[in-house]
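One-letter residues, chain by chain:
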Amino acid sequence: MHITNFQHFLDEGGNIPTDMPKEARELANFLALLIDDATTGDYDAEPTIRCIEKDCEGLVVAFITHDTDDIYWVCPLCKTNGYISDWRGTKWDNCD
């Protein structure tokens with residue numbers, strides 16, 4: 001399980017730094033996509049975000065948990081999953 005504080009991936013301006021190592025930047029971009037997806041409010045939409053696990057072709061499902069306000073995500077195919085905290089107020093947060 002991946003437990004992530006999204007603020008750890010952002011610079012002072014709230015952006016994903018371009019000088020961060022490639023693997024970290026790819027993970028940050030994946031998490032940003034999940035935040036964007038989970039906060040759109042379209043819970044009937046088909047998943048479109050590919051799993052990050054090598055050789056997995058699953059599509060990740062992400063949603064906001066009501067008890068902790070974290071975003072929980074899971075790949076139904078390989079079962080890779082995680083939680084994202086401290087995402088509120090970022091540029092990928094679509095909540096009102």
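Residues numbered from 1 in each chain as written. Predicted model: local features only at pLDDT ≥ 70, side-chain atom pairs only at ≥ 80, totals over all residues. Heavy atoms only, no water.

Chemist: Is there a simple way to explain the overall build of the protein chain in this structure?
Modeler: A tally of regular secondary structure across the protein chain gives one helix and five strands. Its helices and strands in sequence order give the protein chain the pattern β-α-β-β-β-β, from N to C terminus. The globule rule puts the C-alpha radius of gyration for 96 residues at 12 Å, and the 13 Å found for the protein chain is close to it. With the principal axes as the frame, the protein chain shows a C-alpha extent of 35 × 35 × 20 Å. Expressed as a percentage of its 96 residues, the buried residues of the protein chain come to 39%. Look at the contacts in the protein chain between residues 6 or more apart in sequence, and 44% of them connect residues 24 or more apart. With an accessible surface of roughly 6,100 Å², the protein chain has 48% of that area assigned to carbon and sulfur atoms. Averaging the coordinates of the 7 positive side-chain charges in the protein chain and doing the same for the 19 negative ones gives two points 8 Å apart. (Helix = DSSP H or I, 4+ residues; strand = E, 2+ residues; numbered from the N terminus. Rg over C-alpha atoms; globule rule 2.2 N^0.38 Å. Buried < 20%, exposed > 50% of the residue type's maximum accessible area, 1.4 Å probe, protein only. Contact = heavy atoms within 4.5 Å. Areas by Shrake-Rupley, 256 points an atom, 1.4 Å probe, with all protein chains shown as cover. Lys, Arg positive; Asp, Glu negative; His and termini not counted. Charge placed at Lys NZ, Arg CZ, Asp CG, Glu CD.)

Chemist: Please explain the sheet that holds strand S5 (residues 81-85) as it appears in this structure.
Modeler: Within a sheet, each strand pairs with its neighbour through backbone hydrogen bonds, oriented either parallel or antiparallel. The sheet built from five strands is open, its strands ordered S1-S5-S4-S3-S2 with mixed pairing. The sheet is open, and its two edges are formed by strand S1 (2-5) and strand S2 (49-50), each paired on a single side. In the sheet, strand S3 (residues 59-64) pairs with strand S4 (residues 71-74) via four bridges, with the strands oriented antiparallel. The partner of valine 61 across the bridge, within S4, is valine 74. (Pairing = 2+ DSSP bridges.)

Chemist: Teacher, can you tell me more about the nonpolar core here?
Modeler: Considering soluble globular proteins, one finds that nonpolar side chains tend to be buried as a cluster. Counting residues in each nonpolar core, the largest one holds 24 residues, and the members touching the most others are Phe6, Leu31, Leu34, Ile71, Trp73 and Ile84. Of all elements in the fold, only helix H1 (22-38), S3 and S4 reach the threshold of two or more residues within this core. In this structure, leucine 31 is in contact with Thr4, Phe6, Phe9, Trp73 and Ile84, ignoring residues within four places of it in sequence. (Core = buried A, V, L, I, M, F, W, Y, C linked by side-chain atoms within 4.5 Å.)

Chemist: What's the story with the packing of aromatic side chains in this structure? I'm lost.
Modeler: How two aromatic rings sit relative to each other is given by the distance of their centres and the angle of their planes. According to the stated counting rule, one finds four aromatic pairs in the structure shown. Arranged with centres 5.0 Å apart and planes meeting at 50°, the rings of tyrosine 72 and tyrosine 83 form a pair that is tilted. Linking tyrosine 72 in strand S4 with tyrosine 83 in strand S5, this pair joins segments that are eleven residues apart in sequence. Tyrosine 72 sits in the buried class, given a relative accessible area of 16%. Judged by its relative accessible area of 28%, tyrosine 83 is partly exposed. Three or more aromatic residues joined by ring pairs form one cluster here, namely Phe63, Tyr72 and Tyr83. (Phe/Tyr/Trp six-rings, centres within 6.5 Å; stacked < 30°, edge-to-face > 60°.)

Chemist: How should unusual backbone geometry be read in this particular structure?
Modeler: In terms of backbone geometry, most residues other than glycine have negative phi values and most peptide bonds are trans. One non-glycine residue with positive phi stands out, namely aspartate 69, at about 65°. For aspartate 69, the position within the fold is in the loop between S3 and S4. If you check the backbone angles, lysine 79 has positive phi at about 75° while not being a glycine. Within the secondary structure, lysine 79 sits in the loop between S4 and S5. Classification of lysine 79 as exposed rests on a relative accessible area of 56%.

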